[in-house]
Amino acid sequence: MLMCVMQLCFAIDFVICVLGFASGVPFIDACLFRLKQKKESLSNKKIWTRRSTILPEYINNYVRIYNGKTFVRVKITEGKVGHKFGEFAFTRKGRVKTALVKGRGKTKK
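None of these values were measured; they are calculated from a predicted model. In this convention, every chain numbers its residues from 1, walking through the sequence in written order. For this predicted model, a pLDDT threshold of at least 70 governs which residues receive local features, and a threshold of 80 or more governs which side-chain atom pairs are given and counted, while totals over whole chains, interfaces and linings are taken from all residues. Water and hydrogen atoms play no part in the side-chain values, which are based on all heavy atoms of the structure.

Student: Quick rundown of the nonpolar core? Include the residues and the values.
Tutor: What we call a nonpolar core is a set of buried Ala, Val, Leu, Ile, Met, Phe, Trp, Tyr and Cys residues that are connected through their side-chain atoms within 4.5 Å. Residue exposure (1.4 Å probe, protein chains only): buried if accessible area is under 20% of the type maximum, exposed if over 50%, otherwise partly exposed. With 15 residues, the main nonpolar core has Leu-32, Leu-42, Tyr-58, Val-63, Ile-76 and Phe-85 as its most contacted residues. Helix and strand assignments follow DSSP, with helices taken as H or I runs no shorter than four residues and strands as E runs no shorter than two, numbered in order from the N terminus. It is helix H2 (residues 30-38) that provides the largest number of residues to this core, a total of three residues. Residues count as neighbours in contact if any of their non-hydrogen atoms are within 4.5 Å of one another. Once residues lying within four places of it in the same chain are set aside, the contact partners of Leu-42 are Leu-32, Leu-35, Ile-47, Tyr-58, Asn-61, Tyr-62, Val-63, Ile-76 and Phe-85.

In structure tokens form, the structure reads like this:
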């Protein structure tokens, strides 16, 4: 009985997410949707769903977004509402561009 109820809840969450995505409503993953329904604080929670949209309810909270290797701590501000979580946790390191110092470059013989 309990298993059927859990499967039904998961199916409802899945349908809400899929229909919302198709109709132009922002996509929210099922785990974040449940947190929103329970009115739990999102502060300092770990988030693996980089594709979920940041909602206005999450403003002034710190979250930890997974970038594939570690969790990046990000504060959600008003400017980030409407964007995806993954946009603020970079997955690649920037390449350091250094100028060749005189005498340190390749030498000709």
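There is more to say after this.
Student: Got a sec to walk through the packing of aromatic side chains? Specific residues and values, please.
Tutor: Working definition: rings of Phe, Tyr and Trp (its six-membered ring) pair if their centres are within 6.5 Å, and the pair is stacked with planes under 30 degrees apart, edge-to-face with planes over 60 apart, and tilted otherwise. In the structure shown here, the tally under the stated rule is three aromatic pairs. Here the aromatic rings of Tyr-58 and Phe-85 are separated by 6.2 Å at their centres, their planes lie at 35°, and the arrangement is tilted. Separated by 27 residues along the polypeptide, Tyr-58 in the loop between strand E1 (45-47) and strand E2 (62-66) and Phe-85 in the segment after strand E3 (71-75) bring together distant segments of the chain. What makes Phe-85 buried here is its relative accessible area of 0%. Taken together, Trp-48, Tyr-66 and Phe-71 form an aromatic cluster joined through their ring pairs. Here Arg-73 stacks its cationic end above the ring of Tyr-62, 4.0 Å away from the centre of that ring. The criterion is that NZ of a Lys, or CZ of an Arg, lies within 6 Å of the ring centre and within 35 degrees of the ring normal, and then a charge sits over that ring. Positioned over the ring face of Phe-88 is Lys-80, at 5.0 Å from the centre of the ring.

Student: How would you explain the environment of Phe-71 if you had to name every residue and give the values?
Tutor: Within the fold, Phe-71 resides in strand E3. A sequence separation of 25 residues divides Phe-71 from Lys-46, and the C-alpha atoms of the two residues are 7.4 Å apart. With residues up to four places along the chain from it excluded, the contact list for Phe-71 reads Lys-46, Ile-47, Trp-48, Arg-64, Ile-65 and Tyr-66.

Student: So what's going on with the pattern of salt bridges? Which residues, and what values?
Tutor: Every case where a carboxyl oxygen of Asp or Glu lies within 4 Å of a side-chain nitrogen of Lys or Arg is listed as a salt bridge. All chains considered together, the criterion is met by one salt bridge. Between Arg-51 and Asp-29 there is a salt bridge, with the nearest N and O atoms lying 3.6 Å from each other. With Arg-51 in the loop between E1 and E2 and Asp-29 in the loop between helix H1 (2-22) and H2, the pair connects residues that are 22 residues apart, well separated along the chain.

Student: How would you explain the environment of Lys-69 if you had to name every residue and give the values?
Tutor: Counting through the fold element by element, Lys-69 comes out in the loop between E2 and E3. On the accessibility criterion, Lys-69 (71% relative accessible area) is exposed.

Student: Can you lay out unusual backbone geometry for me, pointing to particular residues and giving the numbers?
Tutor: Although it is not a glycine, Asn-44 sits at a positive phi angle of roughly 60°. Mapped onto the elements of the fold, Asn-44 is located in the loop between H2 and E1. Positive phi outside glycine occurs at Asn-60, with the angle close to 65°. Counting through the fold element by element, Asn-60 comes out in the loop between E1 and E2.

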